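Residue-level structure breakdown
Take a look at the letters that make up each chain.
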Amino acid sequence: MRLSYGSARVLGLINSGPLLKMETIYTMFGERCLFNCAYCTQARESKSSEEFLSRISWLHFEMGEIISAIERSNEIKRICLQVVSSPKVKEEAFEFIDKVRGFNIPISASVRISRFTEAEEWFDRGIEILGMATDVVNEKSFELYRGGSLKKHLELIEEVAKKYPSKVTTHLIVGLGESEREAVEFLQKMHDIKVNVGLFAFTPMKGTKLENLKRPDLDSYRRIQIAAYLLKNDLSNLSLFEFESGKIISFGYDISNIPFSAFKTSGCPNCTRPYYNERPGKEIYNFFEVN
């Protein structure tokens, strides 16, 4: 199995590189996905190195080595499983869950599922939160870049969320063909069904089908971050927003005192995901802390 570079550093399994403030440990199971998302380094037809997921390097370790390091740590508040849709990946991930759930550390798993019964399997195994990534929220772009039906995908999220309220998360990658209005509509829908949304900025990765697509405009991303904060905290709602040509021109709320936390990484509790969207020294989309 694998650990993100930052997680390996925090657990003391490597000694080089910056020591980031991370309360969540990120693990990865499987490689070279059965699916073919145009933006993903692990896609079936991707020419990217299998070492990467997004722009993060994931290092191989023995499962027992990782488990021992987690057990020794007093600072880990969540374990996150990034599960690539590969043969036999579920068996390995379940084995890991069985061995760490006795530590009483909440476990999140980001998994591509296609049936309600698959979600039940993961919850029955002992995870606290299930991530069901949406990524693309424009219907045509979803079909083109991710494959399948956005409508059916959202119906499945809603079905799972009804049984497991506030235990489902999803992802929105800004910059994949959606308007700001479509992003806000999605955020509102997810809030209404008690699904937390983790925001990402599209990051072009060499070897993927979208390696030449531009990153989203930072000002636009900031507006969507503000919208996500307002909706999540019930400070505004879609009916109060105003749009012009799909762009947010009013939030229905005075945003002059929006806290800095609105621009930090969003997702499960204690999530940081350092450098998923950013290169060191470049513009920061999702802020995080360094020790």
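All of these numbers come straight from a predicted model, not from anything done at the bench.

On to the pattern of salt bridges. Across all of its chains, the model carries 17 salt bridges by this definition. Of the charged contacts, one joins Lys90 and Glu121 as a salt bridge, the two residues approaching to 3.1 Å between their closest N and O atoms. Within this pair, whereas Lys90 is found in helix 3 (residues 89–100), its partner Glu121 is found in helix 4 (residues 116–125), the two being separated by 31 residues in sequence. One salt-bridge network, in which partners are shared between bridges, spans Arg44, Glu45 and Lys209.

Turning to the packing of aromatic side chains, a few remarks are in order. Taken as a whole and assessed by the stated rule, the structure comprises seven aromatic pairs. With 3.9 Å between their ring centres and 15 degrees between their planes, Phe123 and Tyr164 make a pair best called stacked. Pair noted here: Phe123 is in helix 4 and Tyr164 is in the loop between helix 6 (150–163) and strand 8 (168–174), with a separation of 41 residues, a long-range link. On the numbers, 5.7 Å between centres and 70 degrees between planes, the contact of Phe241 with Phe251 is edge-to-face. Of the two residues, Phe241 is situated in the loop between helix 8 (218–232) and strand 10 (242–244) and Phe251 in the segment after strand 11 (247–250); the sequence distance between them amounts to 10 residues. Accessibility assignment for this pair places Phe241 and Phe251 in one class, buried. Among the aromatic side chains, those forming a connected cluster through ring pairs are Phe241, Phe243 and Phe251. The ring of Phe35 has Arg112 sitting right over it, with the charged end atom 3.8 Å from the ring centre.

Looking at where Asp135 falls in the secondary structure, it is placed in the loop between strand 7 (129–131) and helix 5 (139–146). Under the relative-accessibility criterion, Asp135 is labelled buried at 8%.

Criteria and cut-off values
- Residues numbered from 1 in each chain as written.
- Predicted model: local features only at pLDDT ≥ 70, side-chain atom pairs only at ≥ 80, totals over all residues.
- Heavy atoms only, no water.
- Salt bridge = Lys/Arg side-chain N within 4 Å of Asp/Glu carboxyl O.
- Helix = DSSP H or I, 4+ residues; strand = E, 2+ residues; numbered from the N terminus.
- Phe/Tyr/Trp six-rings, centres within 6.5 Å; stacked < 30°, edge-to-face > 60°.
- Buried < 20%, exposed > 50% of the residue type's maximum accessible area, 1.4 Å probe, protein only.
- Lys NZ or Arg CZ within 6 Å of the ring centre and 35° of its normal.

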